[in-house]
Amino acid sequence: MPRLSEVIAALETLWPAERAESWDAVGTVAGDPDQQVTRVLFAVDPVQEIVDEAVKLGADLLVTHHPLYLRGTTTVAATHFKGRVVHTLIKNDIALHVAHTNADAADPGVSDALAAALDLRVTGPLVPDLTDPEGRRGLGRLCALDHPVTVREFAARAAERLPATAQGIRVAGDPEALVRTAAVSGGSGDSLFDHVRAAGADAFLTADLRHHPVSEARAQSPLALLDAAHWATEWPWCELAASQLDEISDRHGWDLRVHVSKTVTDPWTAHAASTTSDPLGAPN
């Protein structure tokens, strides 16, 4: 069985820490480099529910997309919910490793997995990494559809293919407009609107879209915007990452048992559709 340090070194070849954004907090959060690893669990969020699942599974390593301590801390006391996560990990000899923006920009990365889930053909990064001579790394992905679909049909495809959440898929734009090319970005993507417009995409699927940026974007161009749940746009990466580690394990003869958590950690738990008598007007 490999040591944790060997598995982490392999993961770092997929998502080098130096390719993370300067504000990010990636890498190994907890774990003894010399401990053996036999079972690995991938998930989006390092929350207590996922850590408890890792304990029940008997995992030695938990790999998450989101950092546990993005803004730092002065305590890991178990009186705080993040401290309880750390205590649970250490008590059960479970290491935690984070791949966040370094996984977003990877080739393949988070947005490649999102595009694959939607059956889109990736043509290149939305924001290329200028240090990549092959032009494959970077944030977001530009994609082509095999045949044009309406915005309504594209949204329905996303709702069907992505993990179910309370939010579903929100749409800003003409539902009957045709989509021939699309941009996708896992996680929060409204900072990429200028890049999407410059690329000439017909639609952009991402998460965490806010009122004012969307309103302004719609005033500037006919670009259709599709807003999915943050967790749902990033979960497909867990399956991609697990398959990458499986391949590494086979190549090294490690015989790791690699799992993907199907626990929904999206924080939104319910949705109530509007029921006003006049759908085009605000209630009195």
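Check the entry above for the structure.
Now for a look at the structure at hand. If you're wondering where the values come from, they're calculated on a predicted model, not measured in any experiment. (Residues numbered from 1 in each chain as written. Predicted model: local features only at pLDDT ≥ 70, side-chain atom pairs only at ≥ 80, totals over all residues. Heavy atoms only, no water.)

With respect to the packing of aromatic side chains
For any pair of aromatic rings, geometry is given as the distance between the ring centres together with the angle between the planes. As enumerated under the stated definition, the model contains three aromatic pairs in all. Ring centres 6.4 Å apart and planes at 80° place the aromatic pair phenylalanine 42 and tryptophan 237 in the edge-to-face group. Of this pair, phenylalanine 42 sits in strand 2 (residues 39-43) while tryptophan 237 sits in helix 9 (residues 230-252), and the two are 195 residues apart along the sequence. The buried category is assigned to tryptophan 237, whose relative accessible area is 0%. Ring centres of phenylalanine 193 and phenylalanine 204 lie 6.1 Å apart, and the angle between their planes is 85°; this geometry places the pair in the edge-to-face category. On the criterion of sequence distance, the pair formed by phenylalanine 193 in helix 7 (residues 193-199) and phenylalanine 204 in strand 9 (residues 203-207) is long-range, its members being eleven residues apart. By relative accessible area, phenylalanine 204 is classed as buried at 0%. Each member of the aromatic cluster is reached from another via a ring pair, and the members are Trp15, Phe42 and Trp237. (Phe/Tyr/Trp six-rings, centres within 6.5 Å; stacked < 30°, edge-to-face > 60°. Helix = DSSP H or I, 4+ residues; strand = E, 2+ residues; numbered from the N terminus. Buried < 20%, exposed > 50% of the residue type's maximum accessible area, 1.4 Å probe, protein only.)

Comments concerning the sheet that holds strand 2
Read across the sheet, five strands follow the order 1-4-3-2-11 without closing on themselves; strand pairing throughout is mixed. If you trace the sheet from one side to the other, it starts and ends with strand 1 (27-30) and strand 11 (257-260), each paired once. In this sheet, adjacent strand axes meet at a mean angle of 25° when their direction is disregarded. Pairing analysis gives four bridges linking strand 2 to strand 11, with the strands arranged parallel. When the sheet's bridge partners are listed, leucine 41 is paired in strand 11 with histidine 259. (Pairing = 2+ DSSP bridges. Axes fitted to C-alpha atoms, helices over the stretch in contact; angles between N-to-C directions.)

Remarks on the pattern of salt bridges
As a working rule, side chains carrying opposite charge can pair if their charged atoms are close by. Within this structure, the stated rule accounts for eleven salt bridges. Between arginine 137 and aspartate 129 there is a salt bridge, and its shortest N-O distance comes to 3.3 Å. Take aspartate 129: its relative accessible area is 19%, and that puts it in the buried class. Arginine 197 is paired through a salt bridge with aspartate 194; the nearest N and O atoms lie 2.4 Å apart. Pair noted here: arginine 197 and aspartate 194 are both in helix 7, with a separation of three residues, about one helical turn. Overall, the relative accessible area of 22% leaves arginine 197 in the partly exposed class. (Salt bridge = Lys/Arg side-chain N within 4 Å of Asp/Glu carboxyl O.)

Distances and angles like these do not, on their own, reveal function.
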